[in-house]
Structure formats: C-alpha cells, structure tokens
Amino acid sequence: GPGFKLEEAVRLAGAMLPANRTGRIVLATDGQETEGDIAMAVAALQGRGIAVDIKLLTEFPPGEVLVESVAAPRQVFAGDSFRVDAVIYSQDAGEAELTIRRAGESVLSQSVNLLAGRNRIETVIPAGGAGNLVIEVAIDAGRDTFAENNNNGIIVQVAPSPAVAVIAPQADAGDYFGNALSVQGLSADLVDPSDAPQTISDWLRYDAVVLMNTPALAFDTSQQVALEKLVKVH
C-alpha cells in the first residue's frame, strides 16, 4: 500500500504462516518503500521455502480484491477494547464477505459493498487477557483472482491491567471512584494520604495515580518530589 513499511508487512505475513510449512505471499504495493529493507525480508522467507510475489496495484486484473493493510494500537491493556482499521482494495465495485478473527476466532463476519479503489473498515475488538494477540482480516469475493492476498493481520501486545492508586482523604469519595473504575474492568488501591508511597520506587508500583481532593500539604517534600519525578520522567 502507499507509504508502507514493506519489510514489516512481508515479515508479518511470513510470521502468520506455520513454521513447518511452505507458502506464497503476494505483496500488493505502489512500489514506494518508506522504511526498512524488503530485500532482506524476502531473502529470509525464501530460505524457508516461501515465495514472495510483488505486484503493483495497477497490474491486478478486474475483480481483484485484497486486504491492503491492517492497523491497530501496538499495545493495549488487558480487559480493554481497541479499534482495528483495515483497508480493502478492490479493482472494481462489488460485494464481498468480510471476516475479522481475534486469536483465530471470528469476531465479525458480514457482507460488504466495496467501491472501486480503497475501502476503510473499522471495528472494535476486546483485548482479553495479557499476551500477544493476533488480529486477522480476510476478504472473500467470487470474482477474485489471487487468494494469497485475501488475508492480512497485525500483532497487538496486550499488557496486564494497569495498577492504579486512588489517593483520597475522604474514604467515601475514594470508594466511589474505585467502584467506577471496577465497572470498566480496572482495579485500584484506595490509599489514605498518610499511607502514600515515600520513595520513587514505591510510586513506580503504579501505572496511574489519582489524587482526589488531596492538597499538596498532605505530602511531605520528598513525597512531592518523588511524585513529580514519577510524572515527568517515568
């Protein structure tokens, strides 16, 4: 696709093929490599017995449909949801069947009416538990010529749920906010200002800190310095 990191796209396609199997990858592109070295990626795949065909978009026959790109955040938190953007390229207008899979299981399957050229598809995917999550997008059209380019995907790193500290002098207010976070699938430690962390290493146990009606005077000078360093540096 336009402005693609072609090396990254080819390596990702190769990673989606089982290590003990050969295969063929068709790369549809306008020929503009903005970053990386596609030649190295192609050579590595050829060493695995995987052929890579590179075709310009203008060379495809009428009726050709392909998944040109898939984009998503590189990292999300467990229990969160995130947006997946896919670009479907079609040489001419027509109907096709779109499937989006999360970790091998279908989360969306529907007919779409494609316009000639690039079509953008957006959906929201649940992250689930921590780990590397493979998102795949597939398009199927009866008029299609090359089946090898009908799948594309991306790997999203799902980090453990963030550790949140809610510091509140009024316990009721802290409990209320903590319950609001729990509705969103997040857990929080409710901390009285007198029990707040003393050092930067203690503050670093948390990915986020919420101060609810907590005045600066609730912390001593060293605590204030550590909290400022946590935000500015870490």
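Before reading further, recall that the structure is shown in the block above.
The shown structure was predicted, so the numbers you read here are calculated from the model rather than taken from an experiment.

Basis of the calculations
- Residues numbered from 1 in each chain as written.
- Predicted model: local features only at pLDDT ≥ 70, side-chain atom pairs only at ≥ 80, totals over all residues.
- Heavy atoms only, no water.
- Core = buried A, V, L, I, M, F, W, Y, C linked by side-chain atoms within 4.5 Å.
- Buried < 20%, exposed > 50% of the residue type's maximum accessible area, 1.4 Å probe, protein only.
- Helix = DSSP H or I, 4+ residues; strand = E, 2+ residues; numbered from the N terminus.
- Contact = heavy atoms within 4.5 Å.
- Polar contact = N/O pair within 3.5 Å; in protein donor to acceptor, adjacent residues only side chain to side chain.
- Expected span 1.5 Å × (residues − 1).
- Arc of directions from axis to C-beta.

Q: How should I be thinking about the nonpolar core in this particular structure?
A: Nonpolar side chains tend to gather and get buried jointly when the protein is soluble and globular. Phe 82, Ile 88, Leu 98, Ile 135, Val 137 and Ile 139 are the most contacted members of the largest nonpolar core, which totals 27 residues. Residue assignment for this core shows that the elements contributing at least two residues are β3 (65–71), β5 (81–90), β6 (94–102), β7 (105–114), β8 (117–126), β9 (131–140) and β10 (151–159). Residue contacts for Val 137: discarding those within four places in its chain leaves Val 67, Val 70, Ala 86, Ile 88, Leu 98, Thr 99, Ile 100, Asn 150, Asn 151 and Asn 152.

Q: Would you mind going over the side chain of Ser 90 with me for this structure?
A: Note on placement: Ser 90 falls in strand β5. A distance of 2.4 Å separates the side chain of Ser 90 from the backbone oxygen of Asp 92, its partner in a polar contact. With sequence-adjacent residues up to four places away left out, Ser 90 is seen in contact with Glu 64, Val 65, Leu 114, Leu 115, Ala 116, Gly 117, Asn 119 and Arg 143.

Q: So what exactly am I meant to see when it comes to helix α3 (residues 171–183) here?
A: Residues separated by three or four positions in an α-helix point in the same direction, a consequence of the helix having 3.6 residues per turn. With 13 residues, α3 extends 19 Å between its outermost C-alpha atoms, agreeing within 8% with the 18 Å of an ideal straight helix rising 1.5 Å per residue. Taken together, the buried positions of α3 are Gly 174, Gly 178 and Leu 181. For α3, the angular spread of the buried residues around the axis is 55°, confining them to a single face. With respect to the buried face of α3, the exposed residues turned more than 90 degrees away are Asp 172, Tyr 176, Asn 179 and Val 183. If you follow the buried residues of α3, they end up packed against β11 (164–167) and β12 (188–191). Positive phi shows up at Gly 185, right after α3, with a value of about 85°.

Q: Any chance you could explain the side chain of Thr 214 here in plain terms?
A: Inspection of the secondary structure puts Thr 214 in the loop between β13 (208–211) and α5 (221–233). Among the residues examined, Thr 214 registers a relative accessible area of 16% and is labelled buried. Polar contacts involving the side chain of Thr 214 include one to the main-chain carbonyl oxygen of Ile 167, which spans 3.1 Å. Look past the residues within four positions of Thr 214 in its chain and what remains in contact with it is Ile 167, Ala 168, Pro 169, Pro 193 and Phe 219.

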